[in-house]
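Fold and contact review
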Amino acid sequence: MQPNVFTVRASSWGRLFDCAHAWEGTHILGMKKPAGMRALLGTAVHAGTAAYDLARLEGKPCTPDEAADVLVDELHNPAYEVDHAQDGLTLANAERIALTALVKYCADVAPQFTYIDVETKLDPLDIDCGRGMVVRLTGTMDRARVAETEGGIVIPDVKTGLRVIQDGQAVTQGRAPQTGTYQLMYEQTKKVRTVGSQIIALSTGATAATAVSPIFDARRVMVGDEGQPGLIEHAAAMFRTGLFPPNPSSVLCSPKYCARWATCLFR
Ligand code: SF4
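Residues numbered from 1 in each chain as written. Predicted model: local features only at pLDDT ≥ 70, side-chain atom pairs only at ≥ 80, totals over all residues. Heavy atoms only, no water.

1. A word on the sheet that holds strand β6 (residues 152-161)
Quick reminder of the rule: Two strands qualify as a pair provided DSSP detects at least 2 bridges between them. In this description a helix means any DSSP run of H or I spanning at least four residues, a strand means any run of E spanning at least two, and both kinds are numbered starting from the N terminus. Working convention: axes come from line fits to C-alpha atoms, limited for helices to the stretch in contact. Angles between N-to-C directions cover 0 to 180 degrees. Note on definitions: a residue-residue contact is assigned when non-hydrogen atoms from the two residues lie within 4.5 Å.
With mixed pairing, the five strands of this open sheet are ordered in space as β2-β5-β6-β9-β10. One side of each edge strand has no neighbouring strand; the edge strands of this open sheet are β2 (115-118) and β10 (210-212). When the angles between neighbouring strand axes are averaged without regard to direction, this sheet yields 20 degrees. As paired strands, strand β9 (residues 194-203) and β10 are joined by three bridges and run antiparallel to one another. What sits directly across from A201, in β10, is A211. Here helix α5 (residues 91-109) sits on the sheet and contacts β2, β5 (145-149), β9 and β10; the angle it forms with β9, its principal contact strand, is near 135 degrees. Of the strands in this sheet, β2, β5, β6 and β9 touch helix α6 (residues 176-190), which is tilted by about 135 degrees from β9.

2. Some points on the UniProt feature "domain: PD-(D/E)XK endonuclease-like" (unreviewed entry) in the protein chain
Stated formally: UniProt positions are given in the numbering used here, feature names are shortened, and annotations may be inferred rather than shown by experiment.
Per the UniProt annotation, the sites labelled "domain: PD-(D/E)XK endonuclease-like" (unreviewed entry) are residues 16-264. Along residues 16-264, the helical share is 37% and the strand share 20%, with 16 Å between the first and last C-alpha atoms.

3. Examining empty space enclosed by the protein
The cut-off we apply is this: Site definitions follow a grid-based scheme: protein atoms alone, a 1 Å grid, a 1.4 Å probe that fits but cannot get out for cavities, and for pockets an open set with protein on both sides within 12 Å along at least five of seven lines, plus lining residues having an atom within 4 Å of a point. Grid points are joined across faces, edges and corners, and a volume is the space filled by probe spheres set on the points. Residues are grouped as follows: Ala, Val, Leu, Ile, Met, Phe, Trp, Tyr, Cys and Pro are nonpolar; Asp, Glu, Lys and Arg are charged; all remaining types, including Gly, are polar.
If you walk through the whole model with that rule in mind, you get one cavity of 30 Å³ or more. For the largest cavity, the lining is made up of 15 residues, of which C19, N247, C253, C258 and C264 are closest to its centre. Residues of the lining of the largest cavity, tallied by class, amount to 10 nonpolar, two polar and three charged.

4. Some remarks on the pattern of salt bridges
Keep this limit in mind: Counted as salt bridges are all cases of a side-chain nitrogen of Lys or Arg within 4 Å of a carboxyl oxygen of Asp or Glu.
Inspection of every chain in the model, using the stated rule, returns 12 salt bridges. The network of salt bridges with shared partners includes E187, R193 and R219.

5. Quick look at unusual backbone geometry
If a residue is not glycine, its phi is most likely negative; likewise, a peptide bond is most likely trans. Selection criterion: Only protein chains enter the calculation, and the probe is 1.4 Å; a residue is then buried if its accessible area is under 20% of its type maximum, exposed if over 50%, and partly exposed in between.
Of note in this structure, K191 is not a glycine but carries a positive phi near 55 degrees. Following the sequence through the fold, K191 ends up in the loop between α6 and β9. For K191, a relative accessible area of 67% puts it in the exposed group. One non-glycine residue, E226, lies in the positive phi region at around 30 degrees. Structurally, E226 is set in the loop between β11 (224-225) and β12 (228-229). Judged by its relative accessible area of 78%, E226 is exposed.

6. What about the packing of aromatic side chains?
For any pair of aromatic rings, the description rests on two quantities: the centre-to-centre distance and the angle between the ring planes. Quick reminder of the rule: Pairing of aromatic rings covers Phe, Tyr and Trp, the last counted by its six-membered ring, and requires centre-to-centre distances within 6.5 Å; plane angles under 30 degrees mean stacked, over 60 mean edge-to-face, and any other angle means tilted. Put simply, a charge is over a ring when the Lys NZ or the Arg CZ is close to the ring centre, within 6 Å, and near the line of the ring normal, within 35 degrees.
A complete count under the given rule lists six aromatic pairs for this structure. Plain terms: the ring middles of F6 and F239 are 4.6 Å apart, the flat faces sit at 5 degrees to each other, and that makes the pair stacked. Note that F6 is positioned in strand β1 (residues 4-9) and F239 in helix α8 (residues 231-241), a separation of 233 residues in sequence. Taking relative accessible area as the criterion, F239 reaches 5% and is therefore assigned buried. Between F113 and Y115, the aromatic rings sit 5.4 Å apart at their centres with planes inclined by 5 degrees, giving stacked as the arrangement. Summarising the burial analysis for this pair, F113 and Y115 share the class buried. Directly above the ring of Y115 sits R145, whose terminal nitrogen or CZ lies 6.0 Å from the centroid.

Structure follows, in structure tokens:
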């Protein structure tokens, strides 16, 4: 008998456990909505930082100015539909904020890391959950890096946004599903062991700030621990039953963020 395969992208795990009903709407039923200016701002910062890190990794000199060209190009030519009115942020302001975040990243954050991979392509990872059920992990690490540390290989993931830093600390709550998936997939692809994940937070608020979290074991959240099932097993239970519970208390439960809003019974 062919197994029943359910595919989950690394970047969508957070949403699956925030409001599974919304996740089902987007990833199974194909409901979409345009991104806002803040999402585009984040994409542009990521493109700039990745260009900078990739050039350094390949031993090519890259100045923040050159990385800024990549950032500006991404901001002005997005690869996806953007609702420019959604966040009350003009393109000019988005560009100013994004460039400030990029310069701070190049000056303050990048020198702290010894990257060994940037934008790594990962092989999908199939996890047999029994009873003919396979959860397939997919996704590219286009916002994460791989770094060598004294303790071993770590997956630092770059996060941008207004609330990525609180009390001067990079927020790690809710980040483990995505970075844990990267850890599992990187281990399978490269046949190495990772020791944890890390969050590099770049604030895109009025005051630019950066913060780097301590290393944490995100892999454990996915695979579970001594009698406690991990998120993969919880996800398999949802896929098996076909029941994706709603969460109207989610901070993302709004027409701005949820593609299922118009038809959702539970909001
Ligand atoms: S409207 Fe709210 S409860 Fe309904 S799917 Fe969207 S986020 Fe979930």
